[in-house]
Structure formats: structure tokens, C-alpha cells
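What follows is each chain in one-letter form.
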Amino acid sequence: MRPDTSRPVAVVTGASSGIGRSTARKLVGLGWHVIGVGRDPVRSAAAEAEITASARDGSGFIMLRGDFTVMSDVTRVADEIAESTSGIDVLINNAGGIRDRLIVTAEGTEATFAANHLAPFLLTRELMPQLRTRAAEVPASSVRVLAVSSTAHRSSRGLDWTDLQGLHKARYGSHYLDAKLANLLFTRELARRAAPDGIVAQAMHPGVVASNFASHADEVMQAHMAAADTVSPDEPADTLVWLATASEGGRHGGRYFHRMAEETPGGAAVDDTAAARLWEESEKLLASLGY
């Protein structure tokens, strides 16, 4: 199915469950066309059936499948999106996760860093033509790229430029923290670079969400999630929908939100020099992989 581009079009990664699934359902309920991306085939099929059934007034939902620890899957998904629509109003980079150990993919990437940073970086880059096309057609600041980060970024000790993915760290554990910091730095640099095209980039912290986010985490993280006061995926989904549709989301890119309010991120996340360098290092890393 090709989206009706007379209606707003959103791409939501991680749409097979949790925050992404709720966000996709809410946008479809507002009359948007949504292209979702999910990894697990069973969850993806269930989400597609539910969200498609809820569509009304000409809105619609498409579910694509891809494993975002693998960059070849990211580029394939980007190609499939580009084939289905000429314009994208909002790209929501929500997919991510955390692992309990160092996992190196067949491409040579570290799985946690790949899924949480490299994949959204690459997907956004590949979909810039569709974002720019839409930005030329709609009111200023209507086209947006949203990142789901985390307050965990505050615990990062900063990115190691000699080992950006943490492939050679003696102990595994900070990879997720660094990736969530990377989300904010990427958003900051994207906001600067995309502003001349009329594209706004923002980031948000979802809170501790009752979802399958930590299903592959270590025992400490799983115990923390089990004991924590969690919120429904609908709460952060409401913030994402607000950032996608409300005027506030289109003002002053590069900001960080939680519960529909702006917050100040950790100091490392507002380092413009680090943001610019992360962009350059990410491009170099992807180029070394053939992307």
C-alpha cells in the first residue's frame, strides 16, 4: 500500500511493541499514514493487525521488517520506504534496546551501539530526500525527526573517539549509556545541519516504561526494571505525538523533552564540538562498512 501523501506521513521504528506501537496507533487515529518498522515477525504481525484495524477516515498503516543491529537491513528498509512514499513529515527513531554482553554483528558492529545510534543515524541520512521533499511542500518547521533517548545519557563518561563502539572495553556495561548520549549529540548536530531545509530535530526521554525493552539485558537491569515504578507506553507515546504535531515541537531544534515539557540534558549532551565530531566519526564508521 502506498500512503496518500495528501495526509501527513510518519515513519516509526520499533513499531511492533511498546512505545513505537502506541505512537503508531495514536498517529493513525489522528488520520496519519504511518510506516512502521519492527524486528520480530510475530509482534510485527500482531501490531499490523491491530493498528490497521483501528485506521479510519482514509488513514493507514504499513509494517516493514528489519533488524537494526544490521546496517544492510537499515538500508533495505530505507529503500522500501522511499519506494512507498515521496515525502515524510515525521521520522521517529524509537527502536533500540540493551544487551547483557558484548555482541559483535557479522558486519563488525557492536549490537547495542548499532541499534541505538548507527541505525537511526543511517536511516535518517538515507531518508533525507523524502524529508526535504516534504519540507518544501508544507509550512515551515512541520517536518521533524524525533529521537527516543534516555536519562541514562547522564551516566555516560563521554564517548571514546578511539573506540566509539566500545569493542575493546575491558568491561561491558556503558555501551547503552554512550548510545543514549549519542542520540542527543546526533539530534543536536542534525538540528543544526537540517535547519536550512526546514527540518527540525528533537529528542525525548520516555521514562521507565513497562515494555520488553530490557528482555535481552543482564540480570541487574532486569531486576531494576521489575522493581521500578513504570509507566504505560502510552505516556511517552503521547509526548512523541505531541512533538510530532504541536507547534512546540517545531520550535528551536536540538532540544530534549520529557512528559511534554523541555528539560535540560546532561552537560556532555550539549557539547557542540562533540556533536559535530560524532557525525564525522559515524560517517567514517559507516563508510568503512560500505555504507
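Rules of the game
- Residues numbered from 1 in each chain as written.
- Predicted model: local features only at pLDDT ≥ 70, side-chain atom pairs only at ≥ 80, totals over all residues.
- Heavy atoms only, no water.
- Helix = DSSP H or I, 4+ residues; strand = E, 2+ residues; numbered from the N terminus.
- Buried < 20%, exposed > 50% of the residue type's maximum accessible area, 1.4 Å probe, protein only.
- Contact = heavy atoms within 4.5 Å.
- Areas by Shrake-Rupley, 256 points an atom, 1.4 Å probe, with all protein chains shown as cover.
- Polar contact = N/O pair within 3.5 Å; in protein donor to acceptor, adjacent residues only side chain to side chain.
- Salt bridge = Lys/Arg side-chain N within 4 Å of Asp/Glu carboxyl O.
- Phe/Tyr/Trp six-rings, centres within 6.5 Å; stacked < 30°, edge-to-face > 60°.
- Core = buried A, V, L, I, M, F, W, Y, C linked by side-chain atoms within 4.5 Å.
- Lys, Arg positive; Asp, Glu negative; His and termini not counted.
- Pairing = 2+ DSSP bridges.
- Axes fitted to C-alpha atoms, helices over the stretch in contact; angles between N-to-C directions.
- Right-handed = clockwise from strand over helix to strand, strands pointing away.
- Parallel < 35°, antiparallel > 145°, perpendicular 65-115°, else oblique.
- Left-handed = near helix turned anticlockwise from the far one by under 90°.

Engineer: Please give an account of the overall build of the protein chain that cites residues and values.
Structural biologist: A count of helical and extended segments in the protein chain gives 8 helices and 8 strands. The 291 residues of the protein chain split such that 53% are buried. In the protein chain, of all internal contacts separated by at least 6 residues, the share reaching a separation of at least 24 is 78%. Accessible surface for the protein chain amounts to roughly 12200 Å². Of this, 50% is attributable to carbon and sulfur atoms.

Engineer: Before we move on, could you go through the environment of arginine 125 and cite the residues and values that matter?
Structural biologist: In this fold, arginine 125 is placed in helix 4 (residues 111-135). Classification of arginine 125 by relative accessible area gives partly exposed; the value is 25%. Residues arginine 125 and alanine 78, 47 residues apart in the sequence, show an inter-C-alpha distance of 9.4 Å. Ignoring any residue separated from it by four or fewer positions in sequence, one finds arginine 125 in contact with Glu283, Leu286 and Tyr291. A distance of 2.7 Å separates the side chain of arginine 125 from the side chain of glutamate 283, its partner in a polar contact.

Engineer: Break down the pattern of salt bridges for me, citing the residues and quoting the values.
Structural biologist: Evaluated as defined, the whole model comprises 20 salt bridges. Note that glutamate 281 is salt-bridged to arginine 277, the shortest N-O span being 3.3 Å. Remark: arginine 277 and glutamate 281 occur in helix 8 (residues 272-288); sequence separation between them is 4 residues, near one turn of the helix. Residue glutamate 281 is classed as buried on the basis of its relative accessible area, which comes to 18%. The class of arginine 277 is partly exposed, set by a relative accessible area of 36%. The salt bridge partner of glutamate 281 is lysine 284, with a shortest N-O separation of 4.0 Å. With glutamate 281 and lysine 284 both in helix 8 and 3 residues apart, the pair spans about one turn of that helix. A network of salt bridges, in which partner residues are shared, links Arg21, Arg25, Glu50 and Asp234.

Engineer: So, the packing of aromatic side chains: which residues are in play, and what are the values?
Structural biologist: Each aromatic ring pair is specified by the distance between its two centres and by the angle formed by the two planes. A complete count under the given rule lists 4 aromatic pairs for this structure. A centroid spacing of 5.2 Å and a plane angle of 50 degrees characterise the contact between phenylalanine 121 and phenylalanine 186, whose relative ring orientation is tilted. Of this pair, phenylalanine 121 sits in helix 4 while phenylalanine 186 sits in helix 5 (residues 175-194), and the two are 65 residues apart along the sequence. Phenylalanine 121 gets classed as buried once you look at its relative accessible area, which sits at 2%. Relative accessible area serves as the criterion here: at 6%, phenylalanine 186 is assigned to the buried category.

Engineer: Describe the nonpolar core, and please don't skip the residues or the numbers.
Structural biologist: Grouped together as the largest cluster of nonpolar side chains are 50 residues, with contacts concentrated most on Met71, Ile81, Leu123, Leu131 and Ile199. No other element matches the 11 residues that helix 4 contributes to this core. If we ignore the near neighbours within four places in the chain, the residues touching isoleucine 199 are Met128, Leu131, Arg132, Ala135, Val143, Val145 and Ala194. Counting 23 residues, the second-largest nonpolar core is a separate cluster that includes Ala24, Val34, Leu240 and Phe257.

Engineer: Mind laying out the side chain of arginine 144, listing which residues take part and the relevant values?
Structural biologist: Take arginine 144: it is sitting in strand 5 (residues 143-148). Among buried charged residues, arginine 144 stands out as having no salt bridge; its nearest opposite-charge side chain is aspartate 89, 8.9 Å away. Only 2.7 Å separates the side chain of arginine 144 from the backbone oxygen of alanine 246, close enough to count as a polar contact. Apart from residues no more than four positions distant in its own chain, arginine 144 is found in contact with Asp89, Val90, Leu91, Val200, Leu243, Ala244, Thr245, Ala246, Ser247, Gly249 and Gly250.

Engineer: Residue-level account of the sheet that holds strand 7 (residues 256-258), with values.
Structural biologist: Within the open sheet, the 8 strands sit side by side as 3-2-1-4-5-6-7-8. Their pairing is mixed. Of all the strands in the sheet, just strand 3 (60-65) and strand 8 (261-263) have a single pairing partner and so form its edges. When strand polarity is set aside, the average angle formed by the axes of neighbouring strands in this sheet is 25 degrees. Note that strand 2 (residues 33-38) and strand 3 share 6 bridges and pair parallel. Each residue of the ladder has a partner; that of histidine 33, found in strand 3, is glycine 60. The strands touched by helix 1 (residues 18-29) within the sheet are strand 1 (9-13), strand 2, strand 3 and strand 4 (90-93), with strand 1 carrying the most contacts at an inclination of about 165 degrees. Across the sheet, helix 4 lies against strand 1, strand 4, strand 5 and strand 6 (199-204), angled at about 165 degrees from strand 4, the strand it touches most.

Engineer: Can you tell me about the pairing of strand 3, naming the residues and giving the values?
Structural biologist: Of all 6 residues in strand 3, 5 are buried; the element is thus mostly enclosed. Viewed along the sheet, the connection from strand 2 through helix 2 (residues 41-54) into strand 3 turns out right-handed.

Engineer: A description of the packing of helix 1 against helix 7 (residues 234-245) should follow, citing residues and the corresponding values.
Structural biologist: Close contact between helix 1 and helix 7 brings their axes to 8 Å; oriented N to C, the two are set at 50 degrees. Here helix 1 is positioned oblique relative to helix 7, judged by the angle of their axes. In this structure, the crossing between helix 1 and helix 7 has a hand that is right-handed. Residues Ile19, Ser22, Thr23, Arg25, Lys26 and Leu27 of helix 1 pack against Asp234, Pro236, Ala237, Asp238, Leu240, Val241 and Thr245 of helix 7.

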